[in-house]
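Here is what each chain is made of, one letter per residue.
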Amino acid sequence: MISCDYQSESPNQRNPWPVMATELKNLSEFSTDNLPDIRERRFGIVVAEWNSEVTEALYEGAYNTLLNYGAQPGNIIRGNVPGSFELTLASQWMARRDDIDAVIAIGCVIQGETKHNDYINHAVAQGLTNVALQTGKPVIFGVLTPNNQQQALDRAGGIHGNKGDEAAMTAIKMLGLQRQVYSKSERVKE
Ligand code: RBF
């Protein structure tokens, strides 16, 4: 297990100002304790084609993480959308399928000279939240919102890990929690 304490690992403990998330931890470190059995679970992964060098790397990370933790290749359904703005509707289509347990939405919206990225990012974050709440299924926000392409590559298999790995692990963990919460026999741990 890899655990991480934000406070004790911060190099800027005496600095009252917030530090960047990347200074606090490697973004792809996560605990793998008590993961659920996902052999029979089915996952939808929606991938935006904009900035495909980044989104393909994120997809690879998510796909391989699902396989590494027990998912079967035939239980992972991929769909492509033109851009991140389309992730919401495609995720809803996926989440509404009875045979899909969790959806991972993957995109990369790089900051430009105008505010388009803000509009897209907010719409996608809110839209995916709505899909999750409406369907009651985990819908994971695997969208990078970097200032430039290098920051994106750093988080898509580069020096800051792969956010696709994290998105897949988040889906797995949410399925575990869902089972725990809805299980009559198990008490939710505090
Ligand atoms: N989609 C992305 O996934 N990433 C981007 O960085 C991105 N930049 C865009 C910039 C502009 C000015 C526009 C108009 C669209 C951009 N899109 C981007 C596409 C967007 O998500 C969507 O596919 C289109 O707006 C069509 O609905």
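Our subject is the structure listed above.
Computed from a prediction, not measured in an experiment: that's the story for all the values here. (Residues numbered from 1 in each chain as written. Predicted model: local features only at pLDDT ≥ 70, side-chain atom pairs only at ≥ 80, totals over all residues.)

**A short note on the overall build of the chain**
Thought 1: Scanning the chain for helices and strands turns up seven helices and six strands.
Thought 2: Its helices and strands taken in sequence order, the chain reads α-α-β-α-β-α-β-α-β-α-β-β-α from the N to the C terminus.
Thought 3: Each of the 190 residues in the chain was classed as buried or not, and the buried ones make up 37%. (Helix = DSSP H or I, 4+ residues; strand = E, 2+ residues; numbered from the N terminus. Buried ≥ 20, exposed ≤ 12 C-beta atoms within 10 Å, placed from the backbone.)

**Thoughts on the site of the ligand**
Thought 1: Taken together, 15 residues surround the ligand, and among them Trp50, Gly83, Ser84, Phe85 and His116 come closest.
Thought 2: Broken down by secondary-structure element, the contributors of at least two residues to the shell around the ligand are β3 (102-108) and α5 (116-135). (Near = placed C-beta within 6 Å.)

**Here's the deal with the environment of Ala62**
Thought 1: For Ala62, the location among the structural elements is in helix α3 (residues 52-68).
Thought 2: Under the C-beta neighbour-count criterion, Ala62 is labelled buried, with 29 such atoms within 10 Å.
Thought 3: When the C-alpha atoms of Ala62 and Ile45 are compared, they prove to be 8.4 Å apart, with 17 residues separating the residues in sequence.
Thought 4: In this view, Ala62 contacts Ile45, Ile104, Ile106, Gly142, Gly164, Asp165, Ala167 and Ala168; residues no more than four positions away in its chain are not counted. (Contact = placed C-beta atoms within 7 Å.)

**Let's talk about the packing of helix α4 (residues 87-96) against α5**
Thought 1: It is the contact of α4 with α5, at a shortest axis distance of 9 Å, that shows an interaxial angle of 15°. Regarding the angle of α4 to α5, the classification is roughly parallel. The element α4 and its partner α5 pack so that their crossing is right-handed. Seen from α4, the contacting residues are Leu87, Thr88, Ser91, Gln92, Ala95 and Arg96; seen from α5, they are Val124, Gly127, Leu128, Val131 and Thr135.
Thought 2: Partitioning the contact of α4 with α5 into residue classes produces five nonpolar, five polar and one charged. (Axes fitted to C-alpha atoms, helices over the stretch in contact; angles between N-to-C directions. Parallel < 35°, antiparallel > 145°, perpendicular 65-115°, else oblique. Left-handed = near helix turned anticlockwise from the far one by under 90°. Nonpolar A, V, L, I, M, F, W, Y, C, P; charged D, E, K, R; others polar.)

**Quick notes on helix α7 (residues 163-182)**
Thought 1: Relative to the 28 Å expected for 20 residues at 1.5 Å per residue, α7 spans 28 Å between its end C-alpha atoms, a close match to the ideal helical length.
Thought 2: The complete set of buried residues in α7 reads Lys163, Gly164, Asp165, Glu166, Ala167, Ala168, Met169, Thr170, Ala171, Ile172 and Leu175.
Thought 3: Buried residues along α7 sit in contact with β1 (43-48), α3, β3, β4 (139-144), β5 (156-158) and β6 (161-162). (Expected span 1.5 Å × (residues − 1).)

**Some details on unusual backbone geometry**
Thought 1: One non-glycine residue, Asn34, lies in positive phi territory at about 55°.
Thought 2: In this fold, Asn34 is placed in the loop between α2 (21-24) and β1.
Thought 3: In this structure Asn34 comes out as exposed when scored by C-beta crowding, with 11 C-beta atoms within 10 Å.
Thought 4: Even without glycine at this site, Asn51 takes up a positive phi of about 55°.
Thought 5: Structurally, Asn51 can be placed in the loop between β1 and α3.
Thought 6: According to the C-beta neighbour criterion, Asn51 is buried, with 21 such atoms within 10 Å.

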